[in-house]
Every structure is written in C-alpha cells, then in structure tokens.
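Below are the chains, spelled out letter by letter.
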Amino acid sequence: MTEAGVGPKEDVPSGPSLEKGGGPLGRLPWRSPKAGNGTGAPAGPGEFRHVGLVAALALLAVVGLITKPDNFATSDNVVGILALASTIGVITVGMTFVIIGGGIDLSVGALMALASVWATTLATQSYGPAVMVMCAILVGTGAGLVNGILIAYGRLVPFIATLAMLVAARGLAQRMSDRKTQLIQPENNAIESLSTTRARGIPLVVFIFVAVAVAGWLLLNRTTFGRRTFAVGGNPEAARLAGINVRRQTLALYALSGLCCGIAAIIIMARTTTGSSTHGDLYELDAIAAVIIGGTLLTGGRGTLVGSILGVLVFTLITNLFILNGLDTSDQLIAKGLIIVVAVLLQRRGLRSPT
C-alpha cells in the first residue's frame with residue numbers, strides 16, 4: 001500500500017464510478033471482475049501461469065516417484081503434504097489479499113506464534129477448547145488491526161510497520177510462554193482431534209484450509225470488497241477519486257491477514273498439540289514466495305488466489321522431496337531462493353511484453 005493513496009479526502013461517497021463504470025474515471029481497468037479470469041488481469045497470462053504451476057507440480061511428482069517410489073506415492077505421505085500445506089496455505093490466503101492491495105505483511109509468522117501461545121496458556125485452557133479457538137482468532141485479528149491502523153492512519157510504510165509487529169509479537173510470545181513450549185491439556189483434546197480425525201482419509205485441518213481458500217476466492221473475485229482491493233493496489237489515488245475509502249480498505253486487508261494467522265494458529269496447535277513462540281519461523285517468507293510465484297505482483301493491483309495456492313503446493317512438495325531424499329535444509333532454502341528470483345524476473349518480463 002503506497003502512501004499516495006492515503007490522502008485527506010477519503011470519505012467521498014461511493015457512486016456509479018465504482019460499481020457501474022460511470023463518473024469522471026469511466027471504466028477503470030480494475031473494475032470488471034468478469035473480464036479475463038476475474039482478477040482484474042487479462043485471462044491469458046494468468047491462466048498460462050496456472051498451467052505452468054500445475055506442470056511444475058506434475059514434474060515434482062515425477063521426481064518423487066523416480067527418487068523415492070516406495071515412500072512418495074503412499075497415502076500417508078500425500079496426507080502429510082496436504083497437512084503441511086494447510087498452515088502456510090491459510091496464511092498465504094491473507095497475504096494474497098494484502099499484496100494485491102499494494103501492501104506487505106512481514107508479521108504473519110510471529111502473529112501465528114503469538115496467537116498459539118495466548119490460546120494455550122493455562123488461564124485460557126481452563127475455559128475449554130471453544131474459548132481457545134476464539135482466543136487465537138481474536139489475537140490474530142486484533143494484531144492485524146494494529147498493523148492496519150499504523151499503516152492506514154499512522155501512515156507508516158507497510159514494511160516498517162509489519163517488521164515492528166514481527167519483532168514485538170515474537171517478543172511478547174516469548175515473554176508469555178517464558179520461552180517454553182506450552183502443551184495442550186488432555187481435557188482440551190478436541191483441538192488435537194482437528195488433526196487426528198479424518199474424513200475420507202483426509203484430516204479436518206485440510207478441510208479448514210480448503211474452506212478458507214474457497215471463501216477467500218469468493219471474496220476476492222465475486223464481491224465489491226475484492227474489486228476495491230484490486231483498485232487500491234492498482235492505483236490508490238484513482239480508487240479514492242472513484243469513491244473508495246482507501247484507509248478503511250487497507251485496515252480491512254490487514255485485519256483479514258491477521259484473521260488468517262489466527263486460523264493458522266489453530267491448525268498448528270492441532271498438528272503439534274502445542275503453543276510455542278517458535279511457531280511460524282520464516283512463514284512470512286514462504287507465504288510471500290508462494291504469492292509471487294503464483295503470479296501476484298509485488299507492486300499490487302494484480303494477482304490470483306488460485307496461483308497462490310498452487311505456489312503453496314509447489315513449495316510444500318519441494319520441502320517433502322528434500323526430506324524424503326535426506327537433503328540438507330540449506331539446499332532447500334537455496335532452491336526456494338532461486339525459484340523466487342526466477343518468478344520475479346518472469347513477472348518483470350511479462351510486464352514489459354506488449355499486450
């Protein structure tokens with residue numbers, strides 16, 4: 001979110017210039033969700049990128065079948081890949097909205113850790129699993145609101161505001177837990193059952209991820225909120241003139257990202273039966289990387305949630321292959337870094353190509 005969109009005249013009433021393409025701005029390029037793939041971007045490049053990501057997933061699957069045929073194709077490994085993708089995938093949904101809206105959120109991993117710690121304190125656990133779930137969601141959303149207030153109304157650069165939140169949230173999580181891992185008590189095993197209970201062989205946490213992804217897709221591509229997100233990320237000043245309250249939209253985007261962090265905290269609690277200040281380490285980088293290779297522009301205004309989810313699956317599959325083949329973690333990080341660089345270079349090349 002650039003500061004150019006935060007001006008003094010935010011509360012211009014919305015009118016036909018936003019919903020019907022009327023007004024002095026006419027038909028803005030971001031306003032028609034039915035054009036192309038429904039993301040405000042031309043259908044061709046986005047769909048081509050999706051095909052490329054699916055091809056990458058197929059290639060990685062072939063590598064897995066060749067290198068570890070006895071381990072890779074097992075149902076337990078496939079379920080493990082999906083469960084691993086669930087946590088970072090939910091965070092990536094929120095990150096996609098923020099980046100399309102022209103911002104960045106470096107605090108997502110720390111917010112997830114803070115929410116997991118707060119929800120697993122003995123005081124919170126004494127009220128039962130329902131309160132633990134609500135606590136995680138409220139903590140994540142509340143911290144996201146703080147980010148949004150600092151950026152939208154405090155006019156801080158998103159990078160600085162969310163970096164400060166990253167440090168503060170991680171420190172608060174360490175203080176609350178005394179740097180110790182907090183175990184979920186046996187009477188609250190309903191949280192753990194989200195990971196152990198399976199429907200058609202798939203853990204419930206995967207269905208939570210799917211539900212969040214579907215809800216995010218509908219919100220982005222089928223609602224006014226989604227159109228406003230593309231507008232604010234593409235040209236905040238034009239969005240303001242079209243009647244969008246840019247500050248309020250920015251606040252909502254960061255609150256949504258925080259909400260996703262709270263949901264991810266519930267998933268990580270279910271998978272590990274713990275709350276810890278070390279949860280979510282470097283998750284912000286994984287989420288940003290998945291969004292980038294999925295085709296969302298770091299400058300905002302264009303992107304697709306489907307691409308982001310495919311990006312999550314690509315990185316999760318890479319992680320799984322490295323683990324199965326006993327490769328060093330440092331090599332995995334190098335591979336991810338190279339993928340990010342290639343994805344950004346392809347983005348720049350695509351922007352320079354004539355349309």
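This one's a predicted model, so the numbers in the text were calculated from it and none came from an experiment.

Trainee: Describe in detail the overall build of the chain, supporting the description with residues and values.
Mentor: Each helix and strand counted, the chain has 16 helices and four strands in total. For the chain, the residues scored as buried account for 50% of the 355 residues in total. Put simply, of all contacts in the chain between residues at least 6 apart along the chain, 78% involve residues at least 24 apart. Of the roughly 16000 Å² that the chain leaves accessible, carbon and sulfur atoms contribute 66%.

Trainee: Give a detailed account of the nonpolar core, specifying residues and quantitative values.
Mentor: Counting 73 residues, the largest nonpolar core has Val90, Ile91, Val93, Met95, Phe97, Met112 and Val314 as its most contacted members. Per element, the largest residue contribution to this core is 12 residues, and it comes from helix α13 (residues 246-272). When sequence neighbours within four positions are dropped, the list of residues in contact with Val93 reads Val212, Ala213, Gly216, Cys260, Leu305 and Ile309. Judged by nonpolar contacts, the second largest core, of five residues, contains Ala231, Val232, Ala239 and Ile244.

Trainee: Tell me about helix α7 (residues 129-152), and name the residues and values.
Mentor: Owing to its 3.6 residues per turn, the α-helix aligns residues three or four sequence positions apart on the same side. Between its first and last C-alpha atoms α7 spans 34 Å; for 24 residues at 1.5 Å apiece the expected length is 34 Å, and the two agree. When we look at burial in α7, the residues that qualify are Met132, Cys135, Ala136, Val139, Gly140, Ala143, Gly144, Asn147, Gly148, Ile151 and Ala152. As for α7, its buried residues are in contact with α5 (108-119), α6 (122-125), α8 (158-177), α9 (190-196) and α13.

Trainee: An account of the packing of α7 against α13 is requested, with residue identities and associated values reported.
Mentor: At their nearest, the axes of α7 and α13 sit 7 Å apart, and the two run at 150° to each other. With respect to α13, the axis of α7 lies roughly antiparallel. As for the relative orientation of α7 and α13, their crossing is right-handed in sense. For the contact of α7 with α13, the residue count by class is 15 nonpolar, eight polar and one charged.

Trainee: Got a sec to walk through helix α10 (residues 204-221)? Specific residues and values, please.
Mentor: Taking 1.5 Å of rise per residue, the 18 residues of α10 would be expected to cover 26 Å, and the 26 Å separating its terminal C-alpha atoms lies within 8% of that figure. Those residues of α10 that sit buried are Val205, Val206, Phe209, Val212, Ala213, Gly216, Leu220 and Asn221. All buried residues of α10 fall inside an arc of 135° around its axis, so they share one side. Turning to α10, the residues buried within the fold contact α4 (75-100), α9, β3 (202-203), α11 (224-234), α13 and α15 (305-324).

Trainee: So, the confidence of the model for the chain: which residues are in play, and what are the values?
Mentor: For the chain, the average pLDDT comes to 85, and 84% of its residues sit at 70 or higher. Of all secondary-structure elements in the chain, the lowest mean pLDDT belongs to helix α1 (residues 16-19), at 42, while α7 reaches the highest, 97. Segment residues 1-44 is flagged for pLDDT under 50; beyond a separation of four residues in sequence, or across chains, it makes 90 contacts in the model.

Trainee: Can you break down the pattern of salt bridges residue by residue, with the values?
Mentor: With the rule as written, the count across this model stands at two salt bridges. A salt bridge links Lys180 to Asp178; the shortest N-O distance between them is 3.9 Å. Look at Lys180 and you get exposed, because its relative accessible area is 53%. Across the pair Arg240 and Glu237 runs a salt bridge whose closest N-O atoms are separated by 2.6 Å. With Arg240 and Glu237 both in helix α12 (residues 236-241) and three residues apart, the pair spans about one turn of that helix. For Glu237, a relative accessible area of 30% translates into the label partly exposed.

Trainee: Tell me about the environment of Gly103, residues and numbers included.
Mentor: Residue placement: Gly103 occurs in the loop between α4 and α5. Separated by 59 residues in sequence, Gly103 and Thr162 place their C-alpha atoms 10.0 Å apart.

Trainee: Go over unusual backbone geometry, please, and point to the residues and values.
Mentor: In this structure, Arg179 takes a positive phi of about 60° despite not being glycine. Examined against the element boundaries, Arg179 turns out to sit in the loop between α8 and β1 (182-183). We classify Arg179 as exposed; its relative accessible area is 64%. Even without being a glycine, Thr273 presents a positive backbone phi close to 55°. As for its placement among the helices and strands, Thr273 is situated in the loop between α13 and β4 (274-275).

Trainee: Tell me what's going on with the packing of aromatic side chains, and back it up with residues and numbers.
Mentor: In this structure the tally under the stated criterion is one aromatic pair. Considering the side-chain rings of Phe97 and Phe225, the 6.3 Å spacing of their centres and the 45° angle between planes classify their relative orientation as tilted. Of this pair, Phe97 sits in helix α4 while Phe225 sits in helix α11, and the two are 128 residues apart along the sequence.

Reading the values: the criteria
Residues numbered from 1 in each chain as written. Predicted model: local features only at pLDDT ≥ 70, side-chain atom pairs only at ≥ 80, totals over all residues. Heavy atoms only, no water. Helix = DSSP H or I, 4+ residues; strand = E, 2+ residues; numbered from the N terminus. Buried < 20%, exposed > 50% of the residue type's maximum accessible area, 1.4 Å probe, protein only. Contact = heavy atoms within 4.5 Å. Areas by Shrake-Rupley, 256 points an atom, 1.4 Å probe, with all protein chains shown as cover. Core = buried A, V, L, I, M, F, W, Y, C linked by side-chain atoms within 4.5 Å. Expected span 1.5 Å × (residues − 1). Axes fitted to C-alpha atoms, helices over the stretch in contact; angles between N-to-C directions. Parallel < 35°, antiparallel > 145°, perpendicular 65-115°, else oblique. Left-handed = near helix turned anticlockwise from the far one by under 90°. Nonpolar A, V, L, I, M, F, W, Y, C, P; charged D, E, K, R; others polar. Arc of directions from axis to C-beta. pLDDT = per-residue confidence, 0-100. Salt bridge = Lys/Arg side-chain N within 4 Å of Asp/Glu carboxyl O. Phe/Tyr/Trp six-rings, centres within 6.5 Å; stacked < 30°, edge-to-face > 60°.

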